[in-house]
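Here is how the chains run, residue by residue.
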Amino acid sequence: MNYWLVKTEPESYSLEDLERKGEDVWDGVRNHQARNFIAKMNLGDLVFVYHSGKHKALVGMAKVICAPYPDPKAEEGEKWLAVDLRFEKYLPKPVHLADIKSSDSLQDLLLVRQSRLSVMSVEPSEAEVLLKMANS
DNA sequence: GCCAACGTTGGC
DNA sequence: GCCAACGTTGGC
């Protein structure tokens, strides 16, 4: 099982929206690096959901519920990918970007290293730290 | 509002 | 193939 992290601007699509729908397609990713991460997603993988913009915090978890497939919104001939995610839960406590940045064990997290990336992998050790922060 | 980090486009 | 110009994302 792998961990991932997806970003969303809560004003346009929030974790609450995903909760309301139960499950939804995660599409519209138009970055090659992010696309390559989507390609590696597997059924049952867990996904941290991050609210960018004013919030700047991890707020919950979702689960990958299908294999990656061609983004239905992609232009003809463009090979972008989408997956379906199911709402899992809200984190007991949001994990704020500032706290992530000040944690020694999270300096390699792609969220910190590559601020513009919208879909990324999370190492198991990093996931463990994040979940610990969310529960403490 | 500014800026850093990227990505893309187009001229050469 | 290089690079300047420009656009976008997202933190500060």
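For clarity, every value in this text was computed on a predicted model and none was experimentally measured. (Residues numbered from 1 in each chain as written. Chains lettered and ligands numbered in written order. Predicted model: local features only at pLDDT ≥ 70, side-chain atom pairs only at ≥ 80, totals over all residues. Heavy atoms only, no water.)

1. Observations concerning the protein's contact with DNA strand B
Lining the immediate environment of DNA strand B, one finds N31, Q114 and R116. By atom count, sugar and phosphate contribute 36% of the portion of DNA strand B lying within 4 Å of the protein. (Near = heavy atom within 4 Å.)

2. A word on the protein's contact with DNA strand C
The local shell around DNA strand C consists of K7, Y50, S52, G53, K56, L97, K101, S115 and R116. Each atom of DNA strand C within 4 Å of the protein belongs either to a base or to sugar and phosphate, the latter forming 82%. Note that a phosphate oxygen of DNA strand C is positioned 3.1 Å from one of the backbone N or O atoms of G53. Considering only residue class, the surface near DNA strand C consists of two nonpolar, three polar and four charged. (Polar contact = N/O pair within 3.5 Å; in protein donor to acceptor, adjacent residues only side chain to side chain. Nonpolar A, V, L, I, M, F, W, Y, C, P; charged D, E, K, R; others polar.)

3. Details of unusual backbone geometry
Phi is positive for K56, which is not a glycine, with a value near 55°. Among the structural elements, K56 can be located in the loop between β3 (46-51) and β4 (57-64). On the basis of relative accessible area, K56 is assigned to the partly exposed category, the value being 39%. (Helix = DSSP H or I, 4+ residues; strand = E, 2+ residues; numbered from the N terminus. Buried < 20%, exposed > 50% of the residue type's maximum accessible area, 1.4 Å probe, protein only.)

4. Overview of the nonpolar core
Counting residues in each nonpolar core, the largest one holds 44 residues, and the members touching the most others are F48, L58 and L130. For this core, the leading source of residues is strand β6 (residues 81-96), giving six residues. When near neighbours in sequence (up to four residues on either side) are disregarded, F48 contacts Y3, W4, L5, V6, L58, G60, M61, V122, A127, L130 and L131. (Core = buried A, V, L, I, M, F, W, Y, C linked by side-chain atoms within 4.5 Å. Contact = heavy atoms within 4.5 Å.)

5. Here we look at the side chain of K7
Within the fold, K7 resides in strand β1 (residues 3-8). No salt bridge is formed by the buried K7; the nearest opposite charge belongs to E9, separated by 9.3 Å. One polar contact links the side chain of K7 to the main-chain carbonyl oxygen of L117, over a distance of 3.1 Å. Contact partners of K7, with chain neighbours within four places excluded, come to W26, Y50, L111, Q114, S115, R116, L117, S118 and M120. (Lys, Arg positive; Asp, Glu negative; His and termini not counted. Salt bridge = Lys/Arg side-chain N within 4 Å of Asp/Glu carboxyl O.)

6. Quick word on the pairing of β6
Both strand β2 (residues 23-26) and β6 contribute to a ladder of four bridges, which runs antiparallel. The residue of β6 that forms the bridge with V25 is D84. In terms of strand pairing, β4 meets β6 through seven bridges, oriented antiparallel. Residue pairing for β6: L58 is matched across the bridge by V95. Sheet topology places strand β5 (residues 69-70) next to β6; two bridges connect them, and they run antiparallel. Directly across from Y69, in β6, lies its bridge partner A82. (Pairing = 2+ DSSP bridges.)

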